[in-house]
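# Structure assessment
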Amino acid sequence: MTAVFPMSFAQQRLCFLHWLDPSGFAQSSARCFRVTGPLDIAAVRAAVDMLVARHEALRTVFPLGAHQHVPPEGCGHVRVLDVPDESEALRQADAVVSQPFDLEHGPLLRLTVLRRAPETHYLVFSMHLLVADGCSLQVFFEELAIAYRAAVTGEPVVLPELPVQYVDWAAWQREQLTEQRRAELSRWWRQQLSGLPLVLDLVPPRRAQGRGRRMHRALPSEAVTAVHAFARSERQTVFTVLAAACGAVLGHRAHRPQVLLGLAVANREPPEIERVLGFFVNTVALRVDLSGDPTFRELLVRVATTLAASYAHKDLPFEQLVAELAPPRDPTRSPIVQVNFAYHPVGTVGVLALHGCSVTEHPRDFGTARFELTLRVEETGSGAGIVWAEFDESVFDTGFIDSLLSAYESVLRAVAPDVPVSRLLPARSATERALTRIFAGVLGLESVGPHDDFFRLGGHSLQLIDVAVRVRAELGRHIGLRDLYATPTAAGAAALLEQPGASR
């Protein structure tokens, strides 16, 4: 008999978002793997069936309402298709991932095996977040490998019994979040975010339509090694260094002294849920304070302090924080945070291994975007890294994202403890680069940073005339002395010149 349980807070929000957008793209994840070798499809089916029996989340469904329904048994959804070549395999992969999920009837885990040749297959996993968050995917692939090996060799499956299931954790979460605790958390978050604009204007407002796209930039191993060494020397975590650099770049682009980053917190402290599948993640807002142009060391201390405090108050479900702050409804923005940041050290993204076969991931741009922008640093087994940008292409164009990734890499390569953050940031545009050169020439300096104050560098008011003259001569643009006096940085002057309607 099907059992009925209350949803967790996160499940309620996911279901609501899914019902708003039944395509489900923004609330799902997909992975594609190329498998070379004697893949045993019957063993794949048996392994998936075993995991569906082991994890209630894989057979749970969500009729319209506030409850989740867990059937007592179920089987995996594995489909096999024959394809003539790799091009058709990848086209089929895109097609199966684009199929919407049926929350009411399931399945919420789908595996499609694309058979190109007897020993060449593509495995396409498509999962709704209600089934598995990022940590769950790692567990799923580890246990799938164990179950597959057992099915191929005829050996017994050796996995520890699960002490609890996801519905147990959902009930426990509600018990822990008493009205008093919720009020304490709400009060802290209101104070933490007081006075902060809850919209980050990286680009002019456009309606986010969930049309996802991914781009990436490689970080060579020497850059990754340098970041780790810098973190150790400053007695900070690698995550703190990466998040601080990300906040610095975003603040620079948005001309904001403070920015909010969304962090996906695993929420898996009770040891009983370490191997349980489900959506445990909560979004936490991290305040990155760039005011006063701190040195990078000062910024690290600020971020580390705020991060510890935010984690200590992470138990307020994000959807309740949104309800508490009640920001103005804006269909062009996600509420409170529009940019998410994540860091995945080696071995934390879920690697698939199948007995007797060679498995390599085939990265695909499956067109999902859960936020307007997610920046994710992923470290590889070779010691190198990749910076991924998952973004809504209805909000950002590829040129902007490429320049953002380039700026982030530049900051990571240039980090030094006693250098002001503004000096680490590359010029934002061709206009800004030209103005840094003009400022340096007028002041007789070798170089000027985009946020360096003209007067603090030794300039005086009459020299602004020389700046204005050179701007007109070299850029064919006009900028008034009053504007230069009020905004005496290359970045500020460039922003004025780049405004729509600025004189030419």
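What you see is a predicted model, and the numbers here were worked out from it, not measured in a lab.

This brings us to the nonpolar core. The biggest cluster of nonpolar side chains holds 55 residues, and the ones touching the most others in it are Phe-296, Phe-341, Leu-373 and Tyr-408. Examining the composition of this core, we find that 12 residues originate from one element, helix 8 (residues 238-254), more than from any other. Those residues in contact with Leu-373 that lie beyond four places of it in its chain are Leu-202, Gln-338, Val-339, Asn-340, Ala-389, Glu-390, Phe-391, Phe-396, Ile-401 and Leu-404. One finds Met-7, Ile-41, Leu-109 and Val-359 within the second-largest nonpolar core, a separate group that totals 52 residues.

Let us now look at the sheet that holds strand 5 (residues 109-117). Across the sheet, five strands lie side by side as 4-5-6-2-11; this open sheet has mixed pairing. The outermost strands of the open sheet, each flanked by one partner alone, are strand 4 (78-82) and strand 11 (358-361). On average, adjacent strands in this sheet sit at an angle of 25 degrees to one another, irrespective of strand direction. Where strand 2 (residues 28-36) lies against strand 11, four bridges are found, and the strand directions are antiparallel. The residue bridging Thr-36 from the neighbouring strand is Ser-358, located in strand 11.

Let us now look at the packing of aromatic side chains. Here the structure, examined in full by the defined rule, presents 15 aromatic pairs. On the numbers, 6.0 Å between centres and 80 degrees between planes, the contact of Phe-125 with Phe-140 is edge-to-face. Here the residue Phe-125 occupies a position in strand 6 (residues 120-128), and Phe-140 occupies one in helix 4 (residues 134-153), the gap between them amounting to 15 residues. When sorted by exposure, Phe-125 lands in the same class as Phe-140, which is buried. A ring pair is formed by Trp-169 and Phe-280, whose centres lie 4.8 Å apart and whose planes are at 65 degrees; its orientation type is edge-to-face. Note that Trp-169 is positioned in helix 5 (residues 166-176) and Phe-280 in the loop between strand 8 (258-265) and strand 9 (282-289), a separation of 111 residues in sequence. Among the aromatic side chains, those forming a connected cluster through ring pairs are Phe-33, Phe-125, Phe-140 and Phe-141. A cation sits over an aromatic face here: Arg-174 above Phe-9, 4.4 Å from the ring centre. The ring of Trp-388 has Arg-214 sitting right over it, with the charged end atom 5.2 Å from the ring centre.

A few words now on the packing of helix 7 (residues 221-233) against helix 8. Closest axis-to-axis distance for the helix 7/helix 8 pair is 8 Å, and the angle between their directions is 110 degrees. In terms of axis orientation, helix 7 runs roughly perpendicular to helix 8. Side by side, helix 7 and helix 8 meet where Val-227, His-228, Phe-230 and Ala-231 of the first sit next to Val-238, Val-241 and Leu-242 of the second. Within the contact of helix 7 with helix 8, the residues separate by chemical class into six nonpolar, one polar and no charged.

Procedures and definitions
Residues numbered from 1 in each chain as written. Predicted model: local features only at pLDDT ≥ 70, side-chain atom pairs only at ≥ 80, totals over all residues. Heavy atoms only, no water. Core = buried A, V, L, I, M, F, W, Y, C linked by side-chain atoms within 4.5 Å. Buried < 20%, exposed > 50% of the residue type's maximum accessible area, 1.4 Å probe, protein only. Helix = DSSP H or I, 4+ residues; strand = E, 2+ residues; numbered from the N terminus. Contact = heavy atoms within 4.5 Å. Pairing = 2+ DSSP bridges. Axes fitted to C-alpha atoms, helices over the stretch in contact; angles between N-to-C directions. Phe/Tyr/Trp six-rings, centres within 6.5 Å; stacked < 30°, edge-to-face > 60°. Lys NZ or Arg CZ within 6 Å of the ring centre and 35° of its normal. Parallel < 35°, antiparallel > 145°, perpendicular 65-115°, else oblique. Nonpolar A, V, L, I, M, F, W, Y, C, P; charged D, E, K, R; others polar.

Any link to function would need more than the numbers given here.
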